[in-house]
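Observations on chain architecture
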2 protein chains.
Amino acid sequence: MTLMYDQLLNIIQDADRISRNETILEQHSKGMTYHTPQVPELVVYPKSKEEASQILTYANEREIPVTPFGVGSSLEGHIIPALGGITVNLSLMNKVLEIRPEDFLVKVQPGVTRSQLNKELKKYGLFFPVDPGADATIGGMVSTNASGTNSVKYGTMKDQVLGLEAVLADGRVVRTGGMAVKSSAGYNLTSLFVGSEGTLGIFTEITLRLQGIPEVTLAGRALFSSIDETGSAAAAMLKSGLDLGKIELVDQATIQAVNAYKNTDYQEVPTLFIEISGSEHTVKKDMELAQEIAIEEGCQLFEFESDSLARAKLWEARHHVAFAIQAANPGKGLLSTDVCVPISELPNAIKETRKLIELHGVKAAIFGHVGDGNYHAVLSIDAENPEHVKKIEEINQQIVAYALEKGGTCTGEHGIGKGKKQFLRLEHGGTVDLMKEIKMTLDPKGILNPGKIF
Amino acid sequence: MTLMYDQLLNIIQDADRISRNETILEQHSKGMTYHTPQVPELVVYPKSKEEASQILTYANEREIPVTPFGVGSSLEGHIIPALGGITVNLSLMNKVLEIRPEDFLVKVQPGVTRSQLNKELKKYGLFFPVDPGADATIGGMVSTNASGTNSVKYGTMKDQVLGLEAVLADGRVVRTGGMAVKSSAGYNLTSLFVGSEGTLGIFTEITLRLQGIPEVTLAGRALFSSIDETGSAAAAMLKSGLDLGKIELVDQATIQAVNAYKNTDYQEVPTLFIEISGSEHTVKKDMELAQEIAIEEGCQLFEFESDSLARAKLWEARHHVAFAIQAANPGKGLLSTDVCVPISELPNAIKETRKLIELHGVKAAIFGHVGDGNYHAVLSIDAENPEHVKKIEEINQQIVAYALEKGGTCTGEHGIGKGKKQFLRLEHGGTVDLMKEIKMTLDPKGILNPGKIF
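From a predicted model like this one, the values you see are computed outputs, not experimental measurements. (Residues numbered from 1 in each chain as written. Chains lettered and ligands numbered in written order. Predicted model: local features only at pLDDT ≥ 70, side-chain atom pairs only at ≥ 80, totals over all residues. Heavy atoms only, no water.)

Considering the sheet that holds strand S1 (residues 18-19) of chain B
All names here are of chain B.
- A sheet is described by the order of its strands in space; here four strands give the open sequence S1-S2-S4-S3, paired in mixed fashion. Edge positions in the sheet fall to S1 and strand S3 (66-69), since each has one partner strand and no second.
- Packed on one face of the sheet, helix H3 (residues 49-62) meets strand S2 (42-44), S3 and strand S4 (86-89) and runs near 165° to S4. (Pairing = 2+ DSSP bridges. Helix = DSSP H or I, 4+ residues; strand = E, 2+ residues; numbered from the N terminus. Contact = heavy atoms within 4.5 Å. Axes fitted to C-alpha atoms, helices over the stretch in contact; angles between N-to-C directions.)

Regarding the domain arrangement of chain A
Residues and elements named next belong to chain A.
- Considered domain by domain, chain A is made up of domain 1 (2-89), domain 2 (96-212), domain 3 (216-322) and domain 4 (329-416 + 423-436).
- The C-alpha-based centres of domain 1 and domain 2 are spaced at 22 Å.
- Each side of the interface is counted separately: domain 1 has 14 residues, and domain 2 has 18 residues.
- Where domain 1 abuts domain 2, roughly 1,200 Å² becomes buried across the two surfaces, and 69% of that area is made up of carbon and sulfur atoms. (Domains from an automatic or database assignment. Buried area = accessible area lost by both parts, 1.4 Å probe.)

Describing the side chain of Ser53 of chain A
All names here are of chain A.
- Mapped onto the elements of the fold, Ser53 is located in helix H3 (residues 49-62).
- What makes Ser53 buried here is its relative accessible area of 14%.
- Setting aside its immediate chain neighbours within four residues, Ser53 contacts Val167, Gly171 and Val173. (Buried < 20%, exposed > 50% of the residue type's maximum accessible area, 1.4 Å probe, protein only.)

A short note on unusual backbone geometry
- The backbone of Glu197 of chain A sits at a positive phi, close to 55°, despite the residue not being glycine.
- Relative to the elements of secondary structure, Glu197 of chain A occurs in the loop between helix H7 (189-193) and strand S10 (202-209).
- With relative accessibility at 3%, the residue Glu197 of chain A sits in the buried group.
- Phi is positive for Asn145 of chain B, which is not a glycine, with a value near 50°.
- Following the sequence through the fold, Asn145 of chain B ends up in the loop between helix H5 (138-143) and helix H6 (151-154).

Digging into the packing of aromatic side chains
- According to the stated counting rule, one finds eight aromatic pairs over all chains in the structure shown.
- The interplanar angle of 85° and the centroid separation of 5.6 Å between the aromatic rings of Phe454 of chain A and Tyr187 of chain B together place this pair among those described as edge-to-face. Here the residue Phe454 of chain A occupies a position in the segment after helix H16 (431-442), and Tyr187 of chain B occupies one in the loop between strand S9 (173-177) and helix H7 (189-193), the pair thus bridging two chains.
- Judged by its relative accessible area of 25%, Phe454 of chain A is partly exposed.
- On the numbers, 6.1 Å between centres and 70° between planes, the contact of Phe302 of chain B with Phe304 of chain B is edge-to-face.
- Of note, Arg20 of chain A hangs over the ring of Tyr5 of chain A, and the distance from its end group to the ring centre comes to 3.8 Å. (Phe/Tyr/Trp six-rings, centres within 6.5 Å; stacked < 30°, edge-to-face > 60°. Lys NZ or Arg CZ within 6 Å of the ring centre and 35° of its normal.)

As for the pattern of salt bridges
- All chains considered together, the criterion is met by 58 salt bridges over all chains.
- In this structure, the salt-bridge partner of Arg17 of chain B is Asp14 of chain B, at a minimum N-O distance of 3.0 Å.
- In this structure, a network of salt bridges that share partners links the residues Glu98, Arg100, Asp103 and Lys107 of chain A together with Glu345 of chain B. (Salt bridge = Lys/Arg side-chain N within 4 Å of Asp/Glu carboxyl O.)

A closer look at the relation of the copies chain B and chain A
- Between the two copies, chain B and chain A, the superposition gives an RMSD of 0.0 Å; the rotation angle is 180° and the shift along the axis is 0.0 Å. Each copy turns onto its partner about a two-fold axis.
- Interface overlap between copies is the fraction of interface residues in one copy that are interface residues in the other; for chain B against chain A it reaches 100%, indicating a shared surface. (Least-squares fit on C-alpha atoms with pLDDT ≥ 70 in both.)

Structure, rendered in structure tokens:
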């Protein structure tokens, strides 16, 4: 280990950028959920692709595991160094390299965070639309093919990434894609890297598509007396062809947890949060149409708001969900399910999930990106109590089994990581062998983020 | 060869579905462009994935080349069996397997054509948006990551394909993706197969996203006095955030060729064709905004039309471009360039292309999907005259070199095939080796569509 430290120091030439300090190691031992922490042997902070390449060349020669790290907001243990080794923290590679407003694109280093990027883009009237909630790094978001509330309108990370520069396990630097919005030149390696969870390479540069900030944005909140009505209203809005910016469902238990956490008095009923954005002459009419549909489906109260502060307040309950669940269960871990089903299956899937949770007598909040068919059940988990862990994992398994039976996926946006490995083969069968063959081709010694996905 | 015939007959058990008839072989020897034809040894027409799997297992054991074939509308020689062997014609696998209108998705066999699919979808108020011009098969469109006039609004094939069933070189059947609109479960093999030009597997089932037929569609035609103004107007419309359905540029030479071919009298000036679709209250206002922008940029005449027949007439000149060029040069072949550049580079790229063509004293039509930065120069080519071929290929090389210098791609939608192999390494450098490694992993004997891409 001293040898490894010295050799990496020889590459980095900067003792401030290699650490084996216990607090630092501990910070790199876990994500945001219940998975058992594991410390790396040391953490290194490269500043360039050259350094990243040298680190990987070194690690590959010696078969030392390497785990990439952004800000640690992973929900499936992606950044836990399962076999120890080196954690490569990319937070110092945080430059916005080039903004091309006329081309609606930007080149960034992987450690740039979502909010940092949007701050820099604002003066050009542009923004980057993918918003997974956490202020994740762009590199991390590419790694899990993140999405979030805006995806119903703008798509997921795979729809935004035009090109990548990545360092492969053996230290080779490859560039994929380019600056054209479309291409048919050879295999689409960009999309192969998006969602590869740090197991195929470490990103050192990312080219992203951007969007113009819409002229007008309106937010709405529709209250219902049952989760059935809420789901049906969402389905009806999607079917109507409305150009929805966001459409989020939050169940009664979730609003209760938020009220307890924030000392607020939101009406404790299933709620649909909607956002519509675009040009002046379309947005208001579209929101009225959304309201009409909601009322037809049994909506009791529909509020809307154009002022950005008031809009933020309208969304507050939705944004505090995870904190509220955590606060309601001090000292406990969290498990978030992440299934995504075909749109028409969503209302029933949510109902079944609620039934299952009640059957097991546990507490959970259910909310989700209903425009994509993606929803989360967030369950408090007592990681110290093996029986409780087993019970919660069984609920998770049943939620996934239901989604797969309906043609859905075990993970819409969080990735497989450590937590969903058992589900990958249930979902993709023998195709997992093909994924493994590709992994073996790109990383024959298996040094990149071992213990994840497979 | 008799042995191969007998052995394949033993698999297919139907003499009507194996052919070594000369006319049939000849039909499978070429696409729509100037590439030297080459006949296969025989053509086989599977009806199921089981048959496709048995054919590939047989071919792989004996290292016999296999070339997949849809309707033969390829522009880069993809379906020319460069090393002979077996052509697998997928036209009998042409069933629409399942339409799920509530989920906005459909499952089809690869031999379904675009127009066949849209005919079946119409009664559900749905359509499949990718329109490459030719009535290609869905399998062929997946193979080249096709796009076309609608892509500025709806994206390319890679944005539509949710899942695939494919037979690999060794006969293994794999399924990728699923029916959820997004997933982060393992590597995105779907996107790896999209655009792989028949070199990684033969598709046997494709799951596609669908769109609702818009309430209202308006078409517009804007006439300009220079190609500069036309390009600037297109750029200004894109920048304005208008939700454009189509935006196509056609140059003066192209309109001249169309007039000569169709005996029409369209004003022979650079023209922008626009289509905007959506709900009643947005479309008309958006088209007025498009008109305002066009006039600001120097537009002399702006016509628009909502009636579908009149709209078709307005688009007629654009749709007949390829035929017009062919008719103006009887007995000659065609070469179509297909570069795609960052949006801001488009007006200059088109100007440079026009200059280059005039410098070489050849005739060419320039038109393209300016919303994507993708445009085509269609050049008549005398395939019998090596010097002429050389000259045209040099022009092509220079157009590609210019696009690559500006961060663009050598092919926006046609693919590499035989015709652009020389450009792949210019564009992607050492990353091509990584593509080859993946090819070797999936098809170690190199039986699938040899001589294409690499």
